[in-house]
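Each chain, letter by letter, is given below.
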Amino acid sequence: MSFFDFFKIVYDEVFALQLLAISFSIVWVFYDWEKDGKTIAIGIAHIAGTFTVGTLLNWFLFALSSVWRGVAGIHFHIAWLLTILIYLGLFDRTYVTSRLISGATVFITVIATTDLGREVLGVINSSHKGGYFEFVCYFADAFIVGFSILIRRYSLKPYSDIPLVSVVLIMVNTVASTVLIIVKTVMKMQESLNFDPYYCLVLAGIYIISVTSYIMVYIHCKVRKEKTTLEVQNKLLEADKQMLVISGQAIEEMRALRHDMKNQHKVMELMLSENRYDDLKNISNL
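Source: prediction; values computed, not measured. (Residues numbered from 1 in each chain as written. Predicted model: local features only at pLDDT ≥ 70, side-chain atom pairs only at ≥ 80, totals over all residues. Heavy atoms only, no water.)

1. Describing the overall build of the protein chain
Working step 1: Assigned secondary structure in the protein chain consists of nine helices and zero strands.
Working step 2: Listing each helix as α and each strand as β along the protein chain from the N terminus yields α-α-α-α-α-α-α-α-α.
Working step 3: Considering only residue pairs separated by 6 or more positions, the protein chain has 75% of its internal contacts joining residues 24 or more positions apart.
Working step 4: Carbon and sulfur atoms make up 68% of the accessible area of the protein chain, which totals about 17200 Å².
Working step 5: Averaging the coordinates of the 25 positive side-chain charges in the protein chain and doing the same for the 25 negative ones gives two points 1 Å apart. (Helix = DSSP H or I, 4+ residues; strand = E, 2+ residues; numbered from the N terminus. Contact = heavy atoms within 4.5 Å. Areas by Shrake-Rupley, 256 points an atom, 1.4 Å probe, with all protein chains shown as cover. Lys, Arg positive; Asp, Glu negative; His and termini not counted. Charge placed at Lys NZ, Arg CZ, Asp CG, Glu CD.)

2. Some thoughts on the pattern of salt bridges
Working step 1: Scanning the model with the defined rule gives three salt bridges in all.
Working step 2: Residue Lys157 is joined to Asp32 by a salt bridge in which the shortest nitrogen-to-oxygen separation is 3.1 Å. Taken as a pair, Lys157 in the loop between α6 (135-153) and α7 (164-191) and Asp32 in the loop between α2 (13-30) and α3 (37-67) lie far apart in primary sequence, 125 residues in all.
Working step 3: Note that Asp92 is salt-bridged to Arg99, the shortest N-O span being 3.6 Å.
Working step 4: Looking at Asp92, the relative accessible area reads 1%, which means it is buried.
Working step 5: For Arg99, a relative accessible area of 24% gives the class partly exposed. (Salt bridge = Lys/Arg side-chain N within 4 Å of Asp/Glu carboxyl O. Buried < 20%, exposed > 50% of the residue type's maximum accessible area, 1.4 Å probe, protein only.)

3. Topic: the packing of α3 against helix α4 (residues 75-91)
Working step 1: Where α3 contacts α4, the axes come no closer than 9 Å and their chain directions differ by 145°. Classified by chirality, the crossing of α4 by α3 is right-handed. For the pair formed by α3 and α4, the contact residues are His46, Thr50, Val53, Gly54, Leu57, Asn58, Leu61, Phe62 and Ser65 on the first element and His75, Phe76, Ile78, Ala79, Trp80, Leu82, Thr83, Ile86, Tyr87 and Phe91 on the second.
Working step 2: For the contact of α3 with α4, the class distribution of residues is 12 nonpolar, seven polar and no charged. (Axes fitted to C-alpha atoms, helices over the stretch in contact; angles between N-to-C directions. Left-handed = near helix turned anticlockwise from the far one by under 90°. Nonpolar A, V, L, I, M, F, W, Y, C, P; charged D, E, K, R; others polar.)

4. Some details on a nonpolar patch on the surface
Working step 1: A cluster of nonpolar side chains, contributed by Leu81, Leu82, Leu85, Ile86, Leu90 and Phe91, occupies part of the molecular surface with about 500 Å² of accessible area.
Working step 2: Inspection of the secondary structure assignment puts Leu81 in helix α4.
Working step 3: Residue classification places Leu81 among the partly exposed residues on the basis of a relative accessible area of 33%. (Patch = residues over 30% accessible without salt bridge, like charges linked within 9 Å, V, L, I, M, F, W, Y side chains within 5 Å.)

5. Considerations on the confidence of the model for the protein chain
Working step 1: Model confidence for the protein chain is summarised by a mean pLDDT of 83, while 90% of its residues fall at 70 or above.
Working step 2: Across the protein chain, α2 holds the top mean pLDDT of 91, while helix α9 (residues 277-285) sits lowest at 63. (pLDDT = per-residue confidence, 0-100.)

6. Some remarks on the packing of α6 against helix α8 (residues 197-273)
Working step 1: Two elements in contact, α6 and α8, have axes whose closest approach is 11 Å; the angle formed by their N-to-C orientations is 10°. By the angle between their axes, α6 is roughly parallel relative to α8. Along the contact surface, α6 presents Phe143, Phe147, Leu150 and Ile151, while α8 presents Tyr207, Val211, Tyr214 and Ile215.
Working step 2: Residue composition of the contact of α6 with α8, grouped by class: eight nonpolar, no polar and no charged. (Parallel < 35°, antiparallel > 145°, perpendicular 65-115°, else oblique.)

7. Regarding the environment of Phe91
Working step 1: Among the secondary structure elements, Phe91 is positioned in helix α4.
Working step 2: According to the relative accessible area criterion, Phe91 is partly exposed, its value standing at 43%.
Working step 3: For the pair Phe91 and Asp32, spaced 59 residues apart in sequence, the C-alpha separation works out to 9.5 Å.

8. A closer look at the packing of aromatic side chains
Working step 1: Here the structure, examined in full by the defined rule, presents 12 aromatic pairs.
Working step 2: Where Phe147 meets Tyr207, the ring centres are 6.2 Å apart and the plane angle is 65°; that geometry is what we call edge-to-face. A residue pair is termed long-range when its members are at least 10 positions apart, and Phe147 in helix α6 and Tyr207 in helix α8 qualify at 60 residues.
Working step 3: Tyr207 sits in the buried class, given a relative accessible area of 15%. (Phe/Tyr/Trp six-rings, centres within 6.5 Å; stacked < 30°, edge-to-face > 60°.)

9. Some thoughts on the nonpolar core
Working step 1: Residues Trp80, Ile101, Val106, Leu156, Ile162 and Ile181 are the most contacted members of the largest nonpolar core, which totals 45 residues.
Working step 2: Counting only elements with at least two residues in this core, the list comes to α2, α3, α4, α5 (96-127), α6, α7 and α8.
Working step 3: No other element matches the nine residues that α8 contributes to this core.
Working step 4: Among residues more than four places away in sequence, those in contact with Ile162 are Thr97, Ser98, Ile101, Leu156, Val167, Val217, Cys221 and Arg224. (Core = buried A, V, L, I, M, F, W, Y, C linked by side-chain atoms within 4.5 Å.)

10. Things to note about the environment of Tyr199
Working step 1: Within the secondary structure layout, Tyr199 lies in helix α8.
Working step 2: C-alpha of Tyr199 to C-alpha of Phe24: the two residues are 175 residues apart in sequence and 27 Å apart in space.
Working step 3: Residues in contact with Tyr199, not counting those within four places in the same chain, are Asp115, Glu119, Leu180, Ile181 and Lys184.

Here you go:
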């Protein structure tokens, strides 16, 4: 196999569009977009760079699979994983737990959706010869982009105290789903299995479970933060009430002191008018 067979066998319009959808999704989720020209231009450059890195990794691993058969069939999954890890390592500076959950979810949805697109396309082509059904892969790309928009809308970046159980939930789902996909891919490569419609349901289930798990974690973090904020506000309100009580007591004491001083002043005026200087001197000494 030639080193450049990648561009003859794999790198067609469908694959390039898939790679573009994945590159856009990675940058859309993890890049800090702002509404100014410079930030947008840098973001577009990130997409182009991620696209280039993804192309090179897929090319290298495809060529490697001809020498090392152990990566044959799963080199695409490895390439997507490395692409996401490289981008997170270079450009994402959010909390580690947030990066773990978001990165793992993006990865598993990407490989599940891309495999689902290829699997559905294979099932259709096997039963309907001669038709053009590559648009199925475009729908898969749309699901990848759509989920990235969902993650961006419900981002975990603001949450620094994501519970460990949530991280474990996402990671277990990601690892288990990845192992299942890789085992199935290797089996199909070794035994030359045809496309399986039931496996399409499995991949769709993985996608749905991954999306649902992420949303559950987001809702949990949001509710937890709102509860914490409400508790802090209640404590501040209680502190304000205590300060009002203390201030009221201080005002009452000042009024009583002022009243006593007025009475004492009147007594002193009376003594002064009656020339009772000795008594006035005794009061002054108190």
